[in-house]
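# Inside the fold
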Amino acid sequence: MLPNRLRNLTSLEHLMWVMVYSACTAEELGHLTQLRILGVNLETDEEGRWDERMCKALMASLGKLHKIQSLSIVNYGPSADLEGSVESLSNLSYLYINDTKSLPTWISPASLVLLSYLHIGVVQVRREDIQVLGKLQALRYLTIYMSGGKQALGRFMVSPDAFPCVIKCEFYVFTTVPSMFPPGAMPRLEEFRFEIPLEDFSGGEFALDDLALGHLPSLQSVRLYLGKWNGSEDVVRKVEEKLRHEADVHPNHPKLSIRNE
């Protein structure tokens, strides 16, 4: 628990895993203007109640923390609404959010010019969210997943200049295929981890050619997660054979791992 009069610790630079359980507690953080590293746990109070005003107060506090370089928000309650006017995060290089209703609009290339690490769980990932993330010029490590359960995004493609610096990319709980990243996108990608529900390849809108890897020139490692499948084993075999072939003919011969969930 936070001590009383936390706001008086105005020289504090590092505060991790503090329990935030009310709007009042979240508001206190806005007075710690020297913070460079902040980690908060959004919690219910001692009686199990969730303060609906807490997230709004937290966003208002973040708007005052101009020196933040590392921010972690771990939510133990309902999916958080982390929307707000946050214009102070130009120094942020590390961002971890385990569960939010939607990609906050302040996660943008104009606001987060130094962001190099992003781990985020979103209830609903939209195609436009992937497009926005692809424009983060300093981003090197990306993990994004659906925190609200599986959902089909459908076919889409990022722009050829997307993800210019990403070297490790993980997409979970929604269908991702290499063809979504055309030649020119992800030129530095070394580690690629993605998930495929096999029903998308059995009469769905994806084909084996969507598993081509040759346009990712820096690739060193590929891990594929195959969703649960009650259909023909022939589909599993064809997907695995295609990806193994792609790894074999790729100039870097990336290490391949296929896991059946």
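Refer to the structure above for everything that follows.
An account of the accompanying structure is given in this report. Predicted, not measured: the structure shown is a model, and the values here were computed from it.

For the rest of this paragraph, the subject is the nonpolar core. For soluble globular proteins, nonpolar side chains are generally found buried alongside one another. Formed by 78 residues in total, the largest nonpolar core has its most connected members in Leu-42, Ile-73, Phe-163 and Phe-171. Considering every element that reaches this core, the biggest residue donor is helix 2 (residues 54-62), with six residues. Every residue in contact with Phe-171, bar those within four places of it in the chain, is listed here: Ile-130, Leu-142, Ile-144, Thr-176, Phe-181, Met-186, Phe-192, Arg-193, Phe-194 and Glu-195.

Now for the environment of Asn-41. Within the secondary structure, Asn-41 sits in strand 2 (residues 37-42). For Asn-41 and Ser-72, which are 31 residues apart along the polypeptide, the C-alpha to C-alpha distance reads 8.4 Å. With residues near it in sequence (within four places) discarded, Asn-41 still touches Trp-17, Val-18, Met-19, Val-20, Val-74 and Tyr-76.

The next thing to look at is the sheet that holds strand 7 (residues 168-175). Sheet strands line up and pair through hydrogen bonds in the backbone, either parallel or antiparallel. Reading across from one edge, 1-2-3-4-5-6-7-8-9-10 is the order of the 10 strands in this open sheet, with parallel pairing throughout. A single partner strand is all that each edge strand has here, and the edge strands are strand 1 (14-20) and strand 10 (255-260). Shown here is a sheet whose adjacent strand axes are inclined to one another by a mean of 10 degrees, direction ignored. By the bridge criterion, six bridges tie strand 9 (residues 221-226) to strand 10 in an arrangement that is parallel. Each bridged residue has a counterpart across the sheet, and for Leu-226 the counterpart in strand 10 is Asn-260.

How each quantity is defined
Residues numbered from 1 in each chain as written. Predicted model: local features only at pLDDT ≥ 70, side-chain atom pairs only at ≥ 80, totals over all residues. Heavy atoms only, no water. Core = buried A, V, L, I, M, F, W, Y, C linked by side-chain atoms within 4.5 Å. Buried < 20%, exposed > 50% of the residue type's maximum accessible area, 1.4 Å probe, protein only. Helix = DSSP H or I, 4+ residues; strand = E, 2+ residues; numbered from the N terminus. Contact = heavy atoms within 4.5 Å. Pairing = 2+ DSSP bridges. Axes fitted to C-alpha atoms, helices over the stretch in contact; angles between N-to-C directions.

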